[in-house]
Amino acid sequence: MVYYSKRALTDLRNVFKALLQWSATKDKEPTLTYSEVLVYHYSLQSVCASLAFADTHKQATYETHKKHGQYVLSYKRNKRTTWYIIYNMRSNGNIFIKRIMSNHVTTK
């Protein structure tokens, strides 16, 4: 089973809001439609849910990630954005997602 911390739920909500407010510039991808934002958001949630069925778990290596959790799942969304789902595992096998961060805010 996968559970979310309050912070991880806030991260998901903030991603959704940011995608809705995304404004295109010549350096960025085009503005997303509401339908595209929904698909993007649901795919991120789906990746989080897939942790319940993962056979292996990757140890967090970046200090930014380690301070939030022991494990990390990388989800490369496009050529510029990778999402990191930072989580811990409980002794009963349940996954507890602590943070969801992009490569744009992750530091070594």
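Everything discussed here concerns the structure shown above.
Notes on the structure in this doc start here. Computed from a predicted structure; not experimentally measured. (Residues numbered from 1 in each chain as written. Predicted model: local features only at pLDDT ≥ 70, side-chain atom pairs only at ≥ 80, totals over all residues. Heavy atoms only, no water.)

**Section: the packing of aromatic side chains**
Tallied over the entire structure, the rule returns three aromatic pairs. Taking 6.3 Å as the distance between ring centres and 85 degrees as the angle between the ring planes, the aromatic pair formed by F16 and Y34 counts as edge-to-face. Here F16 is found in helix α1 (residues 6–21), whereas its partner Y34 is found in helix α2 (residues 34–50), with 18 residues between them in sequence. A relative accessible area of 17% means that F16 is categorised as buried. Considering the side-chain rings of Y71 and Y87, the 5.6 Å spacing of their centres and the 25 degrees angle between planes classify their relative orientation as stacked. Of this pair, Y71 sits in strand β2 (residues 71–76) while Y87 sits in strand β3 (residues 82–89); the two residues are 16 residues apart in sequence, bridging distant segments of the chain. Y87 carries the same exposure label as Y71, and that label is buried. If you follow R77 out to its NZ or CZ, it ends over the ring of Y40, 4.2 Å from the centre. Cation over ring: R90 sits above F96, and NZ or CZ is 4.5 Å from the ring centre. (Phe/Tyr/Trp six-rings, centres within 6.5 Å; stacked < 30°, edge-to-face > 60°. Helix = DSSP H or I, 4+ residues; strand = E, 2+ residues; numbered from the N terminus. Buried < 20%, exposed > 50% of the residue type's maximum accessible area, 1.4 Å probe, protein only. Lys NZ or Arg CZ within 6 Å of the ring centre and 35° of its normal.)

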